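Summary of the model geometry
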Protein chains: 2
Amino acid sequence: MRTLRLDLAYEGTSFRGFAPQPGERTIGGVLEATLERVLGEPVRVTPGGRTDSGVHACGQVVSFATSNRMECSTLRRALNALVGDEILVTAVAEATETFDARRSARGRRYRYSIWNSPDRTIRERNWTTHIASPLDIDAMNEACGTLVGKHDFIAFQTHRAQDDVEKGTERTVRSASWERDLNEACLVRFDIEADGFLRHMVRTIVGSSILVGLGKERSTQLAFMLESRDRRDAGPTAPACGLTLVEVTY
Amino acid sequence: MRTLRLDLAYEGTSFRGFAPQPGERTIGGVLEATLERVLGEPVRVTPGGRTDSGVHACGQVVSFATSNRMECSTLRRALNALVGDEILVTAVAEATETFDARRSARGRRYRYSIWNSPDRTIRERNWTTHIASPLDIDAMNEACGTLVGKHDFIAFQTHRAQDDVEKGTERTVRSASWERDLNEACLVRFDIEADGFLRHMVRTIVGSSILVGLGKERSTQLAFMLESRDRRDAGPTAPACGLTLVEVTY
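Residues numbered from 1 in each chain as written. Chains lettered and ligands numbered in written order. Predicted model: local features only at pLDDT ≥ 70, side-chain atom pairs only at ≥ 80, totals over all residues. Heavy atoms only, no water.

All names here are of chain B. Summarising burial for strand 9 (residues 187–194): eight of the eight residues are buried, a large majority. Neither face of strand 9 is left uncovered, since the one carrying L187, R189, D191 and E193 and the one carrying V188, F190, I192 and A194 both have all their residues buried. In this structure, strand 5 (residues 107–116) lies alongside strand 9, joined through eight bridges in antiparallel fashion. By the bridge assignment for strand 9, Y110 is matched with I192. (Buried < 20%, exposed > 50% of the residue type's maximum accessible area, 1.4 Å probe, protein only. Helix = DSSP H or I, 4+ residues; strand = E, 2+ residues; numbered from the N terminus. Pairing = 2+ DSSP bridges.)

Put into structure tokens, the structure is as follows:
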């Protein structure tokens, strides 16, 4: 047996998230079926970062074990020819036997994109959330600055995932910042990096930040949520389509 | 009766072109049905530029006559709320009675986009054609430079449209040039402006240019086609998904 690492990009729009589920079209399900076709044996993949239903990735990492000795470059070509046009394998590499995309990960980076314009967007519609009223980026940055560091993020969690029971609800956010694209002023992005994230944590941070950006909450609201530890203080969970897993670090 | 001008953007991927056809989902069909719903009377729209099945637009213009006196801004909002997320009405304006989006047009500008990289693209897959081997942009520009001016483009026409019977096959190309995107080196674009285009003319020019860019034809090939007036000298018609109608000028 050898352990392989795949790097993946995908558009999550028409998938029911990553985890293989009977009767559902999922990223993991399509990937495992394609791997089985190419490798001639069933394979179980482990993802490095969570991508819920409708969430995209440009830097997902998965690991799996196989007894097949196919060359990495051949495997990559075969997978990309068969996996469909919503998924792209950007790299295939040999990993150490103990490599586990989830357990070995040191951090995850997500990006959330907003189309901030009175008009909808055609081209970016599957990759952004549309907010028609102008957003105050400075206020949103002020609000999110308080998230950096080690905190209990329980107020930003909607459902408790198995993962979170194991690991508790403390996470260390390394950076979190909003910016407006220099070339395309309608495009507003949030980049956040942490050792890990609770279920729906990024989307709840974004939903709460949007209320701040629209002037419906004060910029101290996110700090208040960290303190209150109460989900009822949070804004709505922002839609999945704006979220992309950008990188898993090891 | 008053004449109105609509400016439109759309993703053509899942439409059978513009012209309303019974039993087919077309841009014009969806637009006319939405206009009828909003205006309370049947409406016939005329497009300014041709967009075949799968072709996109960011600057299509249509004209139509209506007896409804609804304000332009109200009409625009109502249309955008009902027309679906693949079509966006970017402007609604009062036009002179004689305005006809097709007949009044002085020129059309199209853009063709290629994803030029060994890897496919996820994000741009509906807006580009994938060419894995490197393209020689200088050779493609050399080839297309000869198209500028007034020429008989009959060799670049695949099917004869009704329009072309009326107008003949001479057209004046005002500019035609290839460039590689400065920020995204995988993205190669062709911009072409003319008083009008024959059916499949842009896609045949692109298909022929790609053969030049890949070194499979000489850069004199397009000049040769203009002279021979023979479609059999042309390269393949490039796929519809890379083509966007950018502007109709009046």
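Still to come is the rest of the account.
The subject of this paragraph is the packing of helix 3 (residues 137–145) of chain B against helix 5 (residues 201–213) of chain B. All names here are of chain B. Here helix 3 crosses helix 5 at 135 degrees, and the two axes come no closer than 8 Å. Comparing their axes, helix 5 and helix 3 come out oblique. The interaxial crossing formed by helix 3 with helix 5 has right-handed handedness. Between helix 3, through A139, M140, A143 and C144, and helix 5, the contact on the second element is made entirely by I205, S209, I210, V212 and G213. (Axes fitted to C-alpha atoms, helices over the stretch in contact; angles between N-to-C directions. Parallel < 35°, antiparallel > 145°, perpendicular 65-115°, else oblique. Left-handed = near helix turned anticlockwise from the far one by under 90°. Contact = heavy atoms within 4.5 Å.)

Formed by 67 residues in total, the largest nonpolar core has its most connected members in F156(A) and F190(A). The residues contacting F190(A), other than those within four sequence positions of it, are Y110(A), R111(A), Y112(A), C144(A), A176(A), S177(A), W178(A), V202(A), I205(A) and V206(A). If you look at the next biggest cluster of nonpolar residues, it comprises 66 residues, including L4(B), F15(B), I137(B) and I210(B). (Core = buried A, V, L, I, M, F, W, Y, C linked by side-chain atoms within 4.5 Å.)

The next point concerns the layout of surface pockets. Over the atoms, a rolling probe the size of a water molecule traces out where space has been left empty. What the largest pocket holds in volume is close to 1800 Å³. Of the residues that constitute the lining of the largest pocket, the class distribution is 21 nonpolar, 13 polar and 16 charged. (1 Å grid on protein atoms, 1.4 Å probe; cavity = no way out; pocket = protein on both sides within 12 Å on 5 of 7 lines; lining within 4 Å. Points joined across faces, edges and corners; volume = space filled by probe spheres on them. Nonpolar A, V, L, I, M, F, W, Y, C, P; charged D, E, K, R; others polar.)

Looking now at the relation of the copies chain B and chain A. Rotating chain B by 180 degrees and moving it 0.0 Å along the rotation axis overlays it on chain A with an RMSD of 0.0 Å. The two molecules are tied by a two-fold rotation axis, judged by turn and shift. Rotation axis and chain B: the residue whose C-alpha lies nearest the axis is R123(B), separated from it by 4.7 Å. Take the interface residues of chain B: 100% of them recur as interface residues in chain A, which is what a same-surface contact looks like. (Least-squares fit on C-alpha atoms with pLDDT ≥ 70 in both.)

Another aspect to go through is the state of the cysteines. Summed over all chains, the structure comprises zero disulfides over all chains. Here C241(A) stays unpaired: no disulfide links it, and the sulfur of C58(A), its closest cysteine neighbor, is 16 Å away. (Disulfide = S-S within 2.5 Å.)

Here we take up empty space enclosed by the protein. Applying the stated criterion across every chain, the model contains one cavity of 30 Å³ or more. Considering only enclosed or pocket space, the largest cavity measures out at about 50 Å³ in volume. For the largest cavity, the full set of lining residues is R123(A), E124(A), W127(A), R123(B), E124(B) and W127(B). Its residues placed into classes, the lining of the largest cavity shows two nonpolar, no polar and four charged.

Another point: the interface of chain B and chain A. Facing the 19 residues of chain B at the interface are 19 residues of chain A. Summing the contributions of chain B and of chain A, the shared interface buries around 1800 Å²; its carbon and sulfur component is 44%. Interface area lost by chain B to chain A is led by R120(B), I122(B) and R123(B), which between them contribute 37%. Run the count over chain B and chain A and you get eight salt bridges. Between E124(B) and R123(A) there is a salt bridge, and its shortest N-O distance comes to 2.5 Å. On the surface where chain B and chain A come into contact, there are 12 residue pairs in polar contact (both at pLDDT 80 or more). Among the elements of the structure, strand 1 (2–10), helix 2 (72–82) and strand 4 (87–95) of chain B are those that each provide at least two residues to the side of chain B that touches chain A. A breakdown of the residues in the side of chain B that touches chain A according to their chemical character gives seven nonpolar, three polar and nine charged. (Buried area = accessible area lost by both parts, 1.4 Å probe. Salt bridge = Lys/Arg side-chain N within 4 Å of Asp/Glu carboxyl O. Polar contact = N/O pair within 3.5 Å; in protein donor to acceptor, adjacent residues only side chain to side chain.)

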